[in-house]
Every structure is written in structure tokens, then in C-alpha cells.
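The residues making up each chain are set out below.
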Amino acid sequence: MIRHSTEIKKNEITIIVLLFLFGMSFLNLANYYLLSIFMIGLILVIQKGKVYVNLEIFWVIAFLISFLVLDYFINDSNSIYRVAIWTMMYFAGNYIMFENDKGDKLIPLYMLALSFGFLVHAFLSVYFTPPYIGRGRYIYDFWTMNLKNATHIGAWCIPIVSLLTFSVNNKSKLIKAIVLLGNILVLIINFEIGQRTAIFIICIMLLYTLYKKLTSSLRNMIKTLVVLLLIIMVIFIVYYLNFFGLKEFVQQSILYQRLVLQGFSLKEEPRFQRQLYAVSHFGDSFFGGYAIRSQVGQLHNLWLDLYDMVGFLPFLFIVLFTISNIRNLFKIVKNKYVTHDLKNALVGWFLCLLLQFNFEPVLEYGDGKIFGAYLFICGCINSYKYIMGRKPLLSKPI
């Protein structure tokens with residue numbers, strides 16, 4: 001368990017607050033909060049007088065430059081705004097965790113701040129803006145009053161779901177309460193807007209959390225099964241007797257209409273049909289230019305959408321970058337000196353976001369802020385892996 005010091009400094013508290021404000025785009029000033037975080041990280045690195053350079057940093061720089069240049073020349077599109085966000089997010093994460101031995105505590109808190117910020121933005125947009133004619137499928141952004149697709153709003157709900165396992169096993173009652181409240185809000189919002197991806201990912205995370213609890217010890221297994229049965233019984237009774245109008249809310253929701261009344265089939269799901277088409281016609285968009293999208297529409301997959309947009313070279317770099325991040329994750333999970341809290345938080349984060357990247361066009365949501373949040377945590381663990389590799393001074397392996 002790596003922890004040479006436990007006290008959180010003022011600049012780290014400031015970063016947590018700024019990440020929350022960035023996530024919720026408070027007063028539509030997200031870029032100013034991001035710039036502040038980046039500058040704090042840059043000052044910290046300058047004070048220490050050195051930086052780590054490795055292959056992952058090369059992949060991310062190569063991806064960002066090739067994306068910017070090729071999107072301009074192939075699609076006549078200026079992506080400098082999105083690329084600036086992604087660049088600052090990755091290097092902000094990399095810089096603020098540089099030579100910082102409190103990653104086991106800080107990285108989950110950074111995740112929580114970003115995730116809850118995104119969720120608050122979604123909640124405000126769904127329940128505190130005028131209803132649109134499309135009822136749920138198009139929603140006004142709370143800060144800008146611009147119309148956004150329901151899938152965009154639903155995408156903001158996913159990061160908080162990733163912290164389920166972390167919160168269940170965390171000792172802090174406050175963290176447990178925030179994540180539990182957050183996931184209840186995710187369910188309510190997604191029933192309202194009819195977004196299926198978030199519900200699917202919640203189910204995956206619940207199964208993973210259940211697996212972790214059942215395999216930890218016999219006592220935990222029995223306790224978990226008893227609590228689970230009680231929860232199922234309570235939900236069934238409340239729903240069947242329509243307490244608090246729950247049955248009416250569910251049956252009148254857009255999600256219920258999409259899943260139950262209209263039916264759902266993986267074989268007939270348009271996004272999977274499009275992705276299969278993209279794979280079978282992979283050579284059609286080697287140089288980008290939306291050759292595949294012009295035939296079947298948006299692919300709802302980060303890697304395929306990127307390939308169709310700007311071609312093979314940025315696609316190759318982002319695939320290599322993704323593989324590098326997964327390798328970092330495995331190194332952290334296998335390291336006996338890293339806390340279970342950090343392991344649970346990171347596994348949940350990568351599991352949820354990589355699933356989301358397979359189902360949603362996250363590059364285009366909020367100028368890629370969800371993708372930027374992913375890059376931020378990747379930057380954090382790319383720096384932290386150097387600290388965790390050192391023999392801890394004060395703690396024993398777990």
C-alpha cells in the first residue's frame with residue numbers, strides 16, 4: 001500500500017473542486033477550469049525540474065497531432081478546440097500526479113469529482129430546462145440552452161457508475177452516499193430520457209461488484225446475498241404496490257417504451273449493424289473523410305468513428321495508446337503495494353468507459369469532454385506507475 005504521506009494539500013483540494021466544476025461546466029466556463037488545472041500541474045512540474053518521457057506520451061502526442069492535421073486537410077475541419085481540451089486533460093493528469101505518492105487516495109477522488117460534475121450537469125439539463133417537443137430524446141443544455149441528443153446527456157451519467165465497486169468497498173460513508181445517490185439519479189434520468197447504454201453498464205458494474213463481494217470472504221458472501229435478497233424483495237413490493245408512484249413512473253418512461261413496448265434485439269440494433277458494416281468495409285475509409293458514415297450513418301464506436309473521420313494513422317495511434325493504458329492498468333492491479341480502493345476505482349473506470357466507447361460517439365459529446373476525462377485519468381496513472389514501482393517506506397503489501 002503506497003502512502004508516504006496522507007495529508008491532502010490545498011492545491012490538491014483546489015484541483016478536486018476545479019474538476020467538479022469542469023465536469024458540470026459550471027456557468028459554461030469549463031475551459032477556464034481546465035486551463036487552471038493544467039497550469040497548476042505545469043507549475044508543479046517546473047518546480048520539480050524534470051518530467052517522465054515514455055512511449056505512451058509519444059502515442060498520445062502522435063494521435064493528437066495527426067488527428068488535428070488530417071481532420072483539417074481531409075475534412076476541412078478545424079479541430080483545434082477539441083484537441084486543445086484533450087491535450088490539456090492528458091498532460092494535466094500527468095503533471096499533477098508527477099512524483100505524488102498519494103495517488104491511491106487522490107486518483108479516486110479526481111474520478112469522483114469529474115463523475116459527479118458530469119452527472120449534475122445531466123440532472124440540471126433534464127429537470128431544470130423547458131421540455132422539448134421530442135419528449136426526452138432531445139434536451140436543452142442547462143447552461144447554454146442548446147439542444148442536445150439524449151445519448152449525449154446519457155453519456156454524462158456513465159462515469160459515476162464506474163465507481164460502484166470502489167464505493168461499496170470504501171470505508172468513507174460520505175463517498176458511499178455520493179456514489180449511491182449518483183447511481184439512483186442515473187437510473188431516474190435514463191428512465192426519463194430512454195437511454196439504454198447507461199442501464200446496460202449499470203448492470204455490468206453491479207455484476208462485477210457482486211462478484212468482488214462474493215469472492216472476498218465467506219462472511220461477506222453471506223452478508224451480500226442476504227442484503228441483495230432484501231433489496232430485491234423491497235423493490236418488488238414497492239413496484240407491485242405502486243408506492244411513491246414507482247410503477248407508473250417506470251411504465252410511462254421512455255426507456256420502458258423503447259425496451260418493452262417497442263422490443264429490443266441485438267441483431268436488429270442499428271449501431272451494431274453499422275459497426276459490422278464498417279468492419280467489413282474497413283478499406284473504404286483508409287484515408288478518412290467519412291466514407292463509411294456517408295453510407296450507413298454514425299458508427300457509435302470511438303475507434304471506428306475516429307478511423308472513418310481521419311483515417312488509419314490516428315486510428316493506429318489511439319489503438320496503441322489504448323493498449324498502453326490497459327497495460328498500465330494491469331501493472332497497477334498486480335502491484336501488491338497498491339490499495340484495493342485504487343484498484344477497484346481504476347478497474348471500474350476503464351471497464352465502464354471502454355464499454356461506453358464501444359457504444360457511443362464520445363468524440364462528439366461536449367467537444368469530447370468525456371474522452372478528455374478518460375485521457376486525464378490515463379495521464380494520472382502514467383505518472384503514478386513510476387511511484388508505485390518504488391519500495392514503499394512506511395507500509396506493508398496488501
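Look above for the structure.
Quick caveat, the model's predicted, so the values are computed rather than measured.

Draft legend 1. Looking closely at the overall build of the protein. The number of helices and strands found in the protein is 19 helices and two strands. Computed over its C-alpha atoms, the radius of gyration of the protein comes to 21 Å, within 12% of the 21 Å expected for a compact globule of 398 residues. C-alpha extents for the protein along the principal axes are approximately 60 × 60 × 40 Å. Residues counted as buried form 51% of the 398 residues belonging to the protein. Taking all contacts inside the protein whose residues are at least 6 apart in sequence as the whole, residues at least 24 apart take part in 72%. Accessible surface computed for the protein: about 19,000 Å², of which carbon and sulfur atoms make up 68%. Charged side chains of the protein number 35 positive and 20 negative; the gap between the two group centres comes to 13 Å.

Draft legend 2. Molecular detail of unusual backbone geometry. Phi is positive for N28, close to 60°, though the residue is something other than glycine. On the secondary structure map, N28 appears in the loop between α1 (10-24) and α2 (30-48). Positive phi values are uncommon outside glycine, yet E99 reaches one of about 55°. Here E99 shows up in the loop between α4 (80-96) and α5 (103-127).

Draft legend 3. Representation of the side chain of S324 within the structure. Relative to the elements of secondary structure, S324 occurs in helix α17 (residues 312-334). Within the structure, S324 has its side chain in polar contact with the side chain of E56 (distance 3.1 Å). In this view, S324 contacts E56 and W59; residues no more than four positions away in its chain are not counted.

Draft legend 4. Representation of the state of the cysteines in the model. In the structure shown here, the tally under the stated rule is zero disulfides. Among the cysteines around C157, which has no disulfide bond, C352 carries the closest sulfur, lying 12 Å off. Free of any disulfide, C203 has its nearest neighbouring cysteine sulfur in C352, separated by 11 Å. Judged by its relative accessible area of 40%, C203 is partly exposed.

Draft legend 5. Expanded view of the nonpolar core. Core analysis: the biggest nonpolar cluster contains 107 residues, and W86, L346, F357, F371, Y374 and F376 have the highest contact counts within it. Once residues within four sequence positions are removed from consideration, L346 is found in contact with I107, M111, L329, I332, I377 and I381.

Draft legend 6. The arrangement of the side chain of T165 in detail. The topology assignment puts T165 in helix α8 (residues 164-168). Among the polar contacts made by the side chain of T165, one reaches the side chain of T209 at a distance of 2.7 Å. Leave out the neighbours within four places in its chain, and T165 touches M205, Y208, T209, K212 and N344.

Draft legend 7. Structural view of α1. Taking 1.5 Å as the rise per residue, α1 with 15 residues should run 21 Å; its terminal C-alpha atoms sit 21 Å apart, in good agreement. Every buried residue of α1 is accounted for by E12, I15, L18, L19, L21, F22, G23 and M24. Positive phi appears at S25, one or two residues downstream of α1, with a value of about 50°.

Draft legend 8. Focus on the packing of aromatic side chains. With the rule as written, the count across this model stands at 31 aromatic pairs. Summarising the aromatic geometry, the rings of F63 and W86 are spaced 6.1 Å apart at their centres and angled 25° between planes, so their arrangement reads as stacked. Here the residue F63 occupies a position in helix α3 (residues 55-75), and W86 occupies one in helix α4, the gap between them amounting to 23 residues. The exposure class of F63 is buried, given its relative accessible area of 1%.

Draft legend 9. Main features of the pattern of salt bridges. With the rule as written, the count across this model stands at two salt bridges. Between K102 and E12 there is a salt bridge, and its shortest N-O distance comes to 2.9 Å. Placement of the pair is K102 in the loop between α4 and α5 and E12 in helix α1, with a sequence separation of 90 residues. Both residues of the pair, K102 and E12, belong to the buried class.

Draft legend 10. Main features of the packing of helix α16 (residues 302-310) against α17. In contact at an axis separation of 7 Å, α16 and α17 are set at 155° when each is read in the N-to-C sense. In terms of orientation, α16 and α17 fall into the roughly antiparallel class. Within the contact between the two elements, α16 uses L302, W303, L306, Y307 and V310 and α17 uses F312, P314, F315, I318, V319 and T322. When its residues are assigned to classes, the contact of α16 with α17 shows 10 nonpolar, one polar and no charged.

Rules behind the numbers
Residues numbered from 1 in each chain as written. Predicted model: local features only at pLDDT ≥ 70, side-chain atom pairs only at ≥ 80, totals over all residues. Heavy atoms only, no water. Helix = DSSP H or I, 4+ residues; strand = E, 2+ residues; numbered from the N terminus. Rg over C-alpha atoms; globule rule 2.2 N^0.38 Å. Buried < 20%, exposed > 50% of the residue type's maximum accessible area, 1.4 Å probe, protein only. Contact = heavy atoms within 4.5 Å. Areas by Shrake-Rupley, 256 points an atom, 1.4 Å probe, with all protein chains shown as cover. Lys, Arg positive; Asp, Glu negative; His and termini not counted. Charge placed at Lys NZ, Arg CZ, Asp CG, Glu CD. Polar contact = N/O pair within 3.5 Å; in protein donor to acceptor, adjacent residues only side chain to side chain. Disulfide = S-S within 2.5 Å. Core = buried A, V, L, I, M, F, W, Y, C linked by side-chain atoms within 4.5 Å. Expected span 1.5 Å × (residues − 1). Phe/Tyr/Trp six-rings, centres within 6.5 Å; stacked < 30°, edge-to-face > 60°. Salt bridge = Lys/Arg side-chain N within 4 Å of Asp/Glu carboxyl O. Axes fitted to C-alpha atoms, helices over the stretch in contact; angles between N-to-C directions. Parallel < 35°, antiparallel > 145°, perpendicular 65-115°, else oblique. Nonpolar A, V, L, I, M, F, W, Y, C, P; charged D, E, K, R; others polar.

Shape descriptors only; they carry no functional weight alone.
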